[in-house]
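Letter by letter, the chains look like this.
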Amino acid sequence: MFYREAGDFKTTYAKDNQTFPIAFDRYRYYFVLFVAIGIVPFVINDYWANAILLPFLIYAIAAIGLNILTGYCGQVSLGTGGFMAVGAYTSYKLMTAFPGLDMVTITLLSGFMTAIVGVMFGLPSLRIKGFYLAVATLAAQFFLVWLFNKVPWFYNYSASGQINAPERTMFGMAVTGPNAESWVKYLFCLAFVFVLAWIARNLTRGSIGRQWMAIRDMDIAAEIIGVNPLKAKLTAFAVSSFYVGVSGALLFTVYLGAVEVGEAYGITKSFLVLFMIIIGGLGSIFGAFAGAAFMVLLPVLLRNILTDGMGWDTALATHFEFVIVGAMIMIFLIVEPHGLARLWALAKEKLRLWPFPH
Amino acid sequence: MPEQLVFAMEVTLNGLMTGVMYSLVALGFVLIFKASGIFNYAQGVMALFAAMTLVGIQDGRVPFAHIINEVLGTDIHYFGWEVPALLAILLTVLVMIGFALFVQKFIFRHLVGQEPIILFMATIGLAYFLEGVSDLMWGSEIRNLDVGLPQGINDTIDQVTFEIFGYGFFIDNLDLWATGIAAVLVAGLIAYAQYTKNGRAMRAVADDHQAALSVGISLNYVWILVWSLAGIVALVAGIMWGSKSGVQFSLSLIALKALPVLMLGGFTSIPGAIVGGLIIGVGEALFEFSIGPLIGGATENWFAYVLALVFLVFRPQGLFGEKIIERV
């Protein structure tokens, strides 16, 4: 009825190529933005921010990053946790070494640092492929976590080996530290998510994104038609690690505040982000958001139902979470390998014909 | 003989023993990978699950006691009997075969023909699933596993080396047993693959799925067979690791080390798994012994992976793997 492209005439090429060619989609997008920027900051409270919104936004960035590498370029990485730790520790060193630096610069620099490390660990991808590479990225995961654990310079020789985010401000408002208000943190993360998602969406539509996808679909064939695999793979690693690094930095500075590297950036984190993009949809920016939302909401939901609703033991609820997450991964891979994003696209296709499907 | 050299020899020997343990886990990977092209990430969790099940059956624990108690409000934990080790092992083997049937029927039969990387990610899901099931069935506490294998320092080796070098080597009896059992297991597997009808079918499937299918070999049956065999190998690995350091979650992380072992040895080769395991075991023990103290220790967490990574850059198919040929 209302979801139609009929009558929506495009008069320029730019309009024809826009991200949301259908008017309804465009308005929906503006509406989501309006709610996220105009309404949520005024009604947000600590519980919502800490339990759902902040982790969702931060993991969404990591999921977009991993999706660029795995979903678009086809290089499976199990080192996400390690790269997030690089972002976190870079931001920590910068925050403590240069107290005057503002948080946006720090976070972006952390991203760049992670990009450099990511490219270094991405170099072997030119020789090794598939799950050989997946296992090779485990080297990054374990080595980086060990490095941040064992070299005292990284945690400023603190006795506990933890790193704590000092208070830093942005436009006079505390963004990090215990005094930061939840709406400030929320808007800070939202700004990053908005800009980074916008960039990612446009990167993947452009020439570089097409190169990534060519490499993913068949790398030798891509090489023959003129895609430079060195450039394509390393840019994918760089961009992806940048996103993951920004996410890791935000997770530490804004969300957690204090971090012990093995616990916060261990291998489980790598899997968490990987599951997000499998469930959300490989090779889709929307999928990264959907997957992040799913994986953040699922434990909260289970805790509410099993522990609060039925009075079960928390440990039991955690075990159930494992079973459910594992089963979901397998079900999605069997039934819908393209994840929630594909289901969403199917729903939209159906909606275009509704209510007269013939 | 200089003292350092003697120490290094002891470290090397112990590294070899650890390497055998890695090889045991890696064997399970190779079995499944050869027959079905599935790179089974869940092998480590299978070892954990098998060991947990074994302890649970031995102690006569009630499976799913936690949930039953929560839902029904009862307070049951034990059946009140103890099962002898041998019978418990047999029952666990049955459970692992049941698991193989389940995996094949509900998961991998529906994923036939998918890309290898999709299959790999499915096994990561399987690993999570199985870990959750294991926790639900038997709880997540650390359990002691004792199937009657001798433990502690081997006195003979201690004395002999003391007479030769003036310093007694510390070699655990359990490690010696593990080495022996691993050797028997490998010999058994190779004999099974070479001389039995099922083994021939297994090799045929590993060679060429479609050709095997066309001469009347049931792929489904062979896949269930290899998953069962992998389950049994996982049980053996679980018993060894479990007797050594208790049955706990870290078991599945140790088992992750089988991955670099495989990358070194090649995914398709049983001797490769053994040699790779030994190289990794000795390499990380010597590295930790020589370089470890200089850079803060605990290097065994990552050394295996970095070694495999560096190695792969020069030889992507591993030591004994089949040459990778790509066609467009």
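Everything numeric here is computed off the predicted structure, so don't read it as measured data. (Residues numbered from 1 in each chain as written. Chains lettered and ligands numbered in written order. Predicted model: local features only at pLDDT ≥ 70, side-chain atom pairs only at ≥ 80, totals over all residues.)

K.L.:
What's the story with the overall build of chain B in this structure? I'm lost.
P.N.:
When its secondary structure is counted, chain B shows 15 helices and 0 strands. Over its C-alpha atoms chain B spans a radius of gyration of 21 Å, differing by no more than 12% from the 20 Å that the globule rule assigns to 328 residues. Overall size of chain B, expressed as C-alpha extent along the three principal axes, is 60 × 60 × 40 Å. Within chain B, the proportion of its 328 residues that are buried is 45%. Long-range pairs, those at least 24 residues apart, make up 73% of the contacts in chain B between residues at least 6 apart in sequence. (Helix = DSSP H or I, 4+ residues; strand = E, 2+ residues; numbered from the N terminus. Rg over C-alpha atoms; globule rule 2.2 N^0.38 Å. Buried ≥ 20, exposed ≤ 12 C-beta atoms within 10 Å, placed from the backbone. Contact = placed C-beta atoms within 7 Å.)

K.L.:
Before we go on, may I ask you to explain the overall build of chain A in this structure?
P.N.:
Tallying secondary structure elements over chain A gives 15 helices and 4 strands in all. In summary, chain A has a C-alpha radius of gyration of 21 Å against a globular reference of 21 Å for 358 residues, a match within 12%. The buried share of chain A, reckoned over its 358 residues, is 46%. Nonlocal contacts in chain A, meaning residues at least 24 apart in sequence, comprise 75% of its contacts between residues at least 6 apart.

K.L.:
What should I look at first to understand the interface of chain B and chain A in this one?
P.N.:
Counting residues at the interface gives 41 residues for chain B, matched by 39 residues for chain A. If you list the elements that add at least two residues to the side of chain B that touches chain A, you get α3 (65–72), α5 (116–138), α12 (258–265) and α15 (303–314) of chain B. When residues in the side of chain B that touches chain A are grouped by element, the largest group, 16 residues, is from α5(B). For the side of chain B that touches chain A, the class distribution of residues is 30 nonpolar, 7 polar and 4 charged. (Nonpolar A, V, L, I, M, F, W, Y, C, P; charged D, E, K, R; others polar.)

K.L.:
Where do I start with the environment of Phe162(B) in this structure?
P.N.:
Residues and elements named next belong to chain B. When you line up the elements, Phe162 lands in helix α6 (residues 155–165). Looking at Phe162, the number of C-beta atoms within 10 Å reads 12, which means it is exposed. Leaving out residues up to four positions away in the same chain, Phe162 has contacts with Tyr167 and Gly168.

K.L.:
Can you help me understand the UniProt feature "transmembrane region" (unreviewed entry) in chain B in this one?
P.N.:
Residue and element names in this part refer to chain B. As annotated by UniProt and renumbered to match this structure, "transmembrane region" (unreviewed entry) occupies residues 12–33, 38–58, 78–103, 110–130, 176–193 and 221–241. Structurally, residues 12–33 comprises 100% helix and 0% strand, and the distance from its first C-alpha atom to its last is 30 Å. What you have in residues 176–193 is 100% helix and 0% strand, and the ends, taken at the C-alpha atoms, are 26 Å apart. (UniProt positions renumbered as here; feature names shortened; annotations may be inferred.)

K.L.:
Quick question: what am I supposed to make of α12(B) here?
P.N.:
For the α-helix, the turn length of 3.6 residues means that residues three or four positions removed from each other point alike. All names here are of chain B. Where burial is concerned, most of α12 is hidden: 8 out of the 8 residues are buried. Every buried residue of α12 is listed here: Ala258, Leu259, Pro260, Val261, Leu262, Met263, Leu264 and Gly265. The first or second residue beyond α12 is Gly266, which carries a positive phi of 100°.

K.L.:
Help me out: how do you make sense of the nonpolar core in this one?
P.N.:
Ranked by internal contacts, the top residues of the largest apolar core, which has 212 residues, are Ala63(A), Met276(A), Ala51(B) and Val226(B). A per-element tally of this core places helix α10 (residues 219–245) of chain B first, with 17 residues. Setting aside anything within four residues of it in sequence, one finds Ala51(B) in contact with Leu145(B), Gly238(B), Ile239(B), Gly242(B), Val247(B) and Leu251(B). (Core = buried A, V, L, I, M, F, W, Y, C linked by C-beta atoms within 7 Å.)

K.L.:
Can you walk me through the packing of helix α5 (residues 103–122) of chain A against helix α10 (residues 229–256) of chain A in this structure?
P.N.:
When two helices pack together, you describe them by how their axes are tilted relative to each other and by the distance separating the axes. Residue and element names in this part refer to chain A. Interhelical geometry of α5 versus α10 gives an angle of 135° and a closest axis separation of 6 Å. Classed by the angle they form, the pair α5 and α10 counts as oblique. Classified by chirality, the crossing of α10 by α5 is right-handed. Of the residues belonging to the contact of α5 with α10, the class tally is 14 nonpolar, 10 polar and 1 charged. (Axes fitted to C-alpha atoms, helices over the stretch in contact; angles between N-to-C directions. Parallel < 35°, antiparallel > 145°, perpendicular 65-115°, else oblique. Left-handed = near helix turned anticlockwise from the far one by under 90°.)

K.L.:
Sorry, what's going on with the packing of helix α8 (residues 207–217) of chain A against α10(A) here?
P.N.:
Residue and element names in this part refer to chain A. The contact between α8 and α10 brings their axes to 9 Å, and the two run at 105°. Here α8 is positioned roughly perpendicular relative to α10, judged by the angle of their axes. When α8 is examined against α10, the residues Ile208, Gln211, Trp212 and Ile215 are found in contact with a partner set consisting of Pro229, Ala232, Lys233, Thr235 and Ala236. Looking at the contact of α8 with α10 residue by residue, the classes come out as 6 nonpolar, 2 polar and 1 charged.

K.L.:
Would you mind showing me how to read unusual backbone geometry here?
P.N.:
Residue and element names in this part refer to chain A. Positive phi is not limited to glycine here, since Asn156 has a value of about 55°. Along the polypeptide, Asn156 turns up in the loop between α6 (130–150) and β1 (163–164). Overall, Asn156 belongs to the exposed group, with 12 C-beta atoms counted inside 10 Å. Of note, Tyr157 is a non-glycine position whose phi angle comes to about 60°, a positive value. With respect to the helices, strands and loops of the structure, Tyr157 is situated in the loop between α6 and β1.

K.L.:
Could you clarify how one ought to interpret the confidence of the model for chain B in this entry?
P.N.:
Predicted coordinates in regions of low pLDDT should not be interpreted in detail. All names here are of chain B. The predicted model of chain B has a mean per-residue pLDDT of 81, with 97% of residues at 70 or higher. Of all the helices and strands in chain B, helix α11 (residues 250–256) carries the lowest mean pLDDT, 72, while helix α4 (residues 85–106) carries the highest, 90. In the predicted assembly, ipTM is 0.82 and pTM is 0.86. (pLDDT = per-residue confidence, 0-100.)

K.L.:
Help me out: how do you make sense of helix α15 (residues 339–353) of chain A in this one?
P.N.:
Residues and elements named next belong to chain A. If you check α15, its first and last C-alpha atoms are 22 Å apart, about what 15 residues at 1.5 Å a residue would give, namely 21 Å. Every buried residue of α15 is accounted for by Gly339, Leu340 and Ala341. In this fold, the buried residues of α15 make contact with α12 (267–280), α13 (285–309) and α14 (314–335). (Expected span 1.5 Å × (residues − 1).)

K.L.:
Would you mind showing me how to read the environment of Gly82(A) here?
P.N.:
Residue and element names in this part refer to chain A. You can see Gly82 is positioned in helix α4 (residues 80–97). For Gly82, a count of 34 C-beta atoms within 10 Å corresponds to the buried category. When the C-alpha positions of Gly82 and Gly262 are compared, they lie 9.4 Å apart, and in sequence the two are 180 residues distant. Setting aside residues no more than four positions away along its own chain, Gly82 makes contact with Ala140, Gln141, Leu144, Val145 and Tyr265.

K.L.:
Before we go on, may I ask you to explain the environment of Phe275(A) in this structure?
P.N.:
As for its position among the elements, Phe275(A) is in helix α12. Leaving out residues up to four positions away in the same chain, Phe275(A) has contacts with Met295(A), Val325(A) and Ile329(A).

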